[in-house]
Structures are given as structure tokens and as C-alpha cells.
Amino acid sequence: MRTNFNIAAFWLAHPLFIALADFSVAWVAAGLAWAWITFTVGLQIGAHRYFTHSAFETGPIRAAVLNFLAVVPCMGTPQDWMVAHIYHHRHADTDLDPTNVRVIGWWKNYSSLWQKNVPLTTETTRIAVRSLKPRRAKFFYENYIAIVLFWGVCLLAVSTQAFAWLFLLPILAGHWGMNLLNHIGHDDNGAKTSVFFNIITPGDGFHRFHHENPRHARFHKYDLLGLFIEKCLASPKQLSRS
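Residues numbered from 1 in each chain as written. Predicted model: local features only at pLDDT ≥ 70, side-chain atom pairs only at ≥ 80, totals over all residues. Heavy atoms only, no water.

1. Quick look at the overall build of the protein
Move 1: For the protein, the count of helices and strands is 13 helices and 2 strands.
Move 2: Over its C-alpha atoms the protein spans a radius of gyration of 17 Å, differing by no more than 12% from the 18 Å that the globule rule assigns to 242 residues.
Move 3: Along the longest, intermediate and shortest principal axes, the C-alpha atoms of the protein span 45 × 40 × 40 Å.
Move 4: With 242 residues in all, the protein has 52% of them scored as buried.
Move 5: Summarising the internal contacts of the protein: among those between residues at least 6 apart in sequence, 69% fall at separations of at least 24.
Move 6: Summing over all exposed atoms, the protein offers an accessible surface of approximately 11300 Å²; the carbon and sulfur share of this is 67%.
Move 7: Each charge sign in the protein was given a centre, from 21 positive and 14 negative side chains, and these centres are 8 Å apart. (Helix = DSSP H or I, 4+ residues; strand = E, 2+ residues; numbered from the N terminus. Rg over C-alpha atoms; globule rule 2.2 N^0.38 Å. Buried < 20%, exposed > 50% of the residue type's maximum accessible area, 1.4 Å probe, protein only. Contact = heavy atoms within 4.5 Å. Areas by Shrake-Rupley, 256 points an atom, 1.4 Å probe, with all protein chains shown as cover. Lys, Arg positive; Asp, Glu negative; His and termini not counted. Charge placed at Lys NZ, Arg CZ, Asp CG, Glu CD.)

2. Thoughts on the side chain of His 48
Move 1: Within the element layout of this structure, His 48 appears in helix α2 (residues 25-52).
Move 2: Taking the relative accessible area as the measure of exposure, His 48 reaches 3% and is therefore buried.
Move 3: At 2.8 Å, the side chain of His 48 forms a polar contact with the side chain of His 210. (Polar contact = N/O pair within 3.5 Å; in protein donor to acceptor, adjacent residues only side chain to side chain.)

3. Quick look at the packing of helix α9 (residues 144-158) against helix α10 (residues 160-184)
Move 1: Look at α9 against α10: their axes get within 5 Å of each other, and the N-to-C directions meet at 140 degrees. In this view, α9 runs oblique relative to α10, as classed from their interaxial angle. For the pair α9 and α10, the sense of crossing is right-handed. The residues of α10 that touch α9, namely those facing Val 148, Trp 151, Gly 152, Leu 155, Leu 156 and Val 158, are Thr 160, Ala 162, Phe 163, Leu 166 and Phe 167. (Axes fitted to C-alpha atoms, helices over the stretch in contact; angles between N-to-C directions. Parallel < 35°, antiparallel > 145°, perpendicular 65-115°, else oblique. Left-handed = near helix turned anticlockwise from the far one by under 90°.)

4. A look at helix α1 (residues 2-20)
Move 1: End to end, α1 covers 25 Å across 19 residues, agreeing with the expected 27 Å (1.5 Å per residue, within 8%).
Move 2: Residue Ala 13 marks the point of greatest curvature in α1, where the axis turns by about 30 degrees; the proline Pro 15 follows within four residues.
Move 3: Buried within α1 we find Arg 2, Thr 3, Phe 5, Asn 6, Ile 7, Ala 9, Phe 10, Ala 13 and Phe 17. (Expected span 1.5 Å × (residues − 1). Bend = angle between axes of the 7 residues up to and from the residue.)

5. Points about the packing of α2 against α10
Move 1: Two numbers describe how α2 lies on α10: the axes approach to 8 Å, and their chain directions differ by 45 degrees. The orientation of α2 with respect to α10, classified from their angle, is oblique. When you trace α2 past α10, the crossing you get is right-handed. The residues of α10 that touch α2, namely those facing Trp 27, Val 28, Ala 30, Gly 31, Leu 32, Trp 34, Ala 35, Thr 38, Phe 39, Leu 43 and Gln 44, are Gln 161, Ala 162, Trp 165, Leu 166, Leu 169, Pro 170, Ala 173, Gly 174, Gly 177 and Met 178.
Move 2: In terms of residue class, the contact of α2 with α10 is made up of 15 nonpolar, 6 polar and no charged. (Nonpolar A, V, L, I, M, F, W, Y, C, P; charged D, E, K, R; others polar.)

6. Observations concerning the packing of aromatic side chains
Move 1: In the structure shown here, the tally under the stated rule is 16 aromatic pairs.
Move 2: Here Tyr 50 and Phe 51 contribute two aromatic rings whose centre-to-centre distance is 4.7 Å and whose plane-to-plane angle is 65 degrees, an arrangement assigned as edge-to-face.
Move 3: Ring plane angle 45 degrees and centroid distance 6.5 Å describe the contact between Phe 209 and Phe 219, whose orientation is recorded as tilted. With a gap of 10 residues between them, Phe 209 in helix α12 (residues 207-212) and Phe 219 in the loop between α12 and α13 (224-233) connect regions that are remote in the sequence.
Move 4: Ring pairs connect the aromatic residues Phe 10, Tyr 110 and Trp 176, which therefore count as one cluster.
Move 5: Lying across the ring of Phe 219, Arg 49 places its NZ or CZ 3.8 Å from the centre. (Phe/Tyr/Trp six-rings, centres within 6.5 Å; stacked < 30°, edge-to-face > 60°. Lys NZ or Arg CZ within 6 Å of the ring centre and 35° of its normal.)

7. Things to note about the nonpolar core
Within soluble globular proteins, side chains that are nonpolar generally end up buried alongside one another.
Move 1: Counting residues in each nonpolar core, the largest one holds 41 residues, and the members touching the most others are Phe 17, Ile 45, Phe 56, Leu 66, Cys 74, Phe 167 and Ile 229.
Move 2: Secondary-structure elements contributing two or more residues to this core are α1, α2, α3 (60-71), α9, α10 and α13.
Move 3: It is α10 that provides the largest number of residues to this core, a total of 10 residues.
Move 4: By size, the runner-up hydrophobic cluster in this structure holds 14 residues, among which are Phe 39, Trp 114, Met 178 and Phe 197. (Core = buried A, V, L, I, M, F, W, Y, C linked by side-chain atoms within 4.5 Å.)

All we've got here are geometric facts, nothing functional implied.
The structure is reproduced here in C-alpha cells:
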């Protein structure tokens, strides 16, 4: 159900955003800034490095913030992310890799239909829920769709522009950003470093290093997201290898 919800949200966000968005300077700036935060902090730091790879530890309030930012783009719960991404790591660049663009094709990738390839069985999700319980992710897992819809209704109650730029745009940015990384983060030789992606999300483009060292919180000395983790998020005594 969550997978279908994510894909439907992504598809519906396109016409709704085009119909509702007012491209004023203020809303464009606010929308792009919020979309960047939800994508980089929510997905790349939260869902990816913190929840999936346990690359660092943090406090309960910061964990809750990462939880919320991770679900805003409608890419699934931290548990869904964990199952999908670990499956990707175990079967990277093979026919079993759900994000292997050379197997699934560009259309299935950029339409986000690749999410249907992820084996979100009862057993795999149960393991993910259990492993993420200490990270206070259970609430967001059990109430994922309700949280997303409540957030959207609250923004719509503020204004249609708040709904368009702070609800719909992060969904578009999250899906397009991850689908793009699926495509340019790997080639025929496996995971690779992407200069372009490092410009969008400073540090996450060091994709080859990440596949070789998945539990590192910081991928490179120029990984600014990793630096942000070290300075602002990680508990000093619990930071993993960086």
C-alpha cells in the first residue's frame, strides 16, 4: 500500500504543482530551500546514512526531526528505505538490483515504478521495524500515510502556495533526485563518483566510496553532508568511522 501511495503521490504532484504554483521569487526561494533540506537532510542523511546504514548515533529529538524530514518526500518510511537500500547494496548492478537502470530501463526508473521491485515482504519489514525501534522510527512507520496527509492538509490550510511549494515540490525533488542518483550513480563498472550529484548534494556524489564503506558517516574530506553530521548531528562518543 505504501509503495502505491508513494508512486501515486509522485505522479499526482506534477499536474497539481503546475496548476497551483505561483512562481514568485519568495515562494521559489522558500520552496527550493525546503525541498533541498528534505532531500539532503531527510533522505540522504536521515533515511540513508542514519536509519539504513547506522553510520552515526544522535539524540532523540534530532532522530525525530530526521524521521519527519525523511517521510516528507513520500519515498516511504525509514523501514522501507532500509529494506530497499540494503537490497540494492547486496545485489548492486545485478539483475536483482531494484534500481539497476540498465536492467529495469529508464522509464521504470524515472517514473519511480522501480519501487515495486523492492521485496517489502512481511518478514523483511518486520526485521526493519525491529532494527529501527531504538531509533524511534516505529511511530512514523505505523502512521506514515496519515502523517504525510496531515502535513499536506495543514499546508493547504495555510495557502495553496504553501501546499504547492512546501508539500508538492519536496515530493517531486525527492523522487526525481533519487531516480537521478539511480541512473548516474552507477555505470557498467559499478558505483561511481558523480561530480554533478556532488554539486546538488555536497558529498553524496562520492557513491563509489559509499558502496565500498557503507557505514562511514563521511564519504570524503570534501563531503559537506558528512561534515554537517559530525558537527551538528552525531553524538560525540558514538560517531562511526568518518
